[in-house]
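# Examining the three-dimensional arrangement
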Amino acid sequence: MPPSKNGQKDVWTEVKGPMTREEARVESSRCLYCYDAPCVTACPTHIDIPRFIRQIAAQDPLGSGETILEANALGHSCARVCPVEVLCEGACVYHDWQEKPIQIARLQRHATDAVYATGEPPSRPARTTASASPSSAPARPAPRARPICAASASRSRSSRSASCPAG
Ligand code: SF4
């Protein structure tokens, strides 16, 4: 960890820095956009990971960030603290070929940083279990989605099972 200006350890410096736009483009283009993607199954909040990665590859980091935040309002924080080695990245099909998995967390950070850099709140609200149909709109506000502890979800996760038809 680099020392801070007063010579003490800077405990707030992030271990992995943000991706540059080019790094994000290259990494997102490695994704196979798997059908029935095991990374999504392994994610406690079931973010549509292939979709948000594809949006980054298509140079749409804002849309990508909104895809993430729509599924998980804490996606900006989760990109930094989730134990991805045993969740999404641990389930990536690249492991089957003894290759480095897609850096999902860093891509997620890239996308959600883009949303927060605008200074505006995400334009789409987080998904709830209530129907989005106007005709069935609830008479009172929908309850807030209960935060999910990724670490506890990982304990209950059995193992990687789905395969990637693209591979
Ligand atoms: S399992 Fe890996 S390659 Fe497949 S969609 Fe998820 S991140 Fe992409």
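Everything that follows concerns the structure shown earlier in this document.
In this report, we go over the structure that sits alongside the text. As the structure is a computational prediction, the values presented were derived from the model and not from experiment.

Attention now goes to the environment of Thr 20. By secondary structure assignment, the location of Thr 20 is in the segment before α1 (21-28). On the basis of neighbour count, Thr 20 is assigned to the exposed category, with 10 C-beta atoms found within 10 Å. Through-space distance from the C-alpha of Thr 20 to that of His 110 is 8.1 Å; in sequence the pair is 90 residues apart.

Here the focus is the site of the ligand. Not every one of the 15 residues close to the ligand is listed here, only the nearest: Cys 31, Cys 34, Cys 39, Cys 92 and Ile 102. At the level of secondary structure, the elements contributing two or more residues to the shell around the ligand comprise α2 (38-42) and α3 (49-57). Per-class residue counts for the shell around the ligand are 15 nonpolar, no polar and no charged.

Once that is clear, we can look at helix α4 (residues 61-71). Across the 11 residues of α4, 8 count as buried, placing the element largely inside the fold. Burial in α4 covers these residues: Pro 61, Ser 64, Gly 65, Glu 66, Thr 67, Ile 68, Leu 69 and Ala 71. Residues of α4 that are buried sit in contact with α3, α5 (75-81) and α7 (104-117).

As a further point, take the packing of α1 against α3. The N-to-C vectors of α1 and α3 enclose an angle of 130°; their axes lie 8 Å apart at closest approach. In this view, α1 runs oblique relative to α3, as classed from their interaxial angle. As for how α1 packs across α3, the hand of that crossing is left-handed. Seen from α1, the contacting residues are Ala 24, Arg 25 and Ser 28; seen from α3, they are Ile 53, Ile 56 and Ala 57.

About the cut-offs
- Residues numbered from 1 in each chain as written.
- Predicted model: local features only at pLDDT ≥ 70, side-chain atom pairs only at ≥ 80, totals over all residues.
- Helix = DSSP H or I, 4+ residues; strand = E, 2+ residues; numbered from the N terminus.
- Buried ≥ 20, exposed ≤ 12 C-beta atoms within 10 Å, placed from the backbone.
- Near = placed C-beta within 6 Å.
- Nonpolar A, V, L, I, M, F, W, Y, C, P; charged D, E, K, R; others polar.
- Contact = placed C-beta atoms within 7 Å.
- Axes fitted to C-alpha atoms, helices over the stretch in contact; angles between N-to-C directions.
- Parallel < 35°, antiparallel > 145°, perpendicular 65-115°, else oblique.
- Left-handed = near helix turned anticlockwise from the far one by under 90°.

Worth remembering: the numbers are spatial, not functional.
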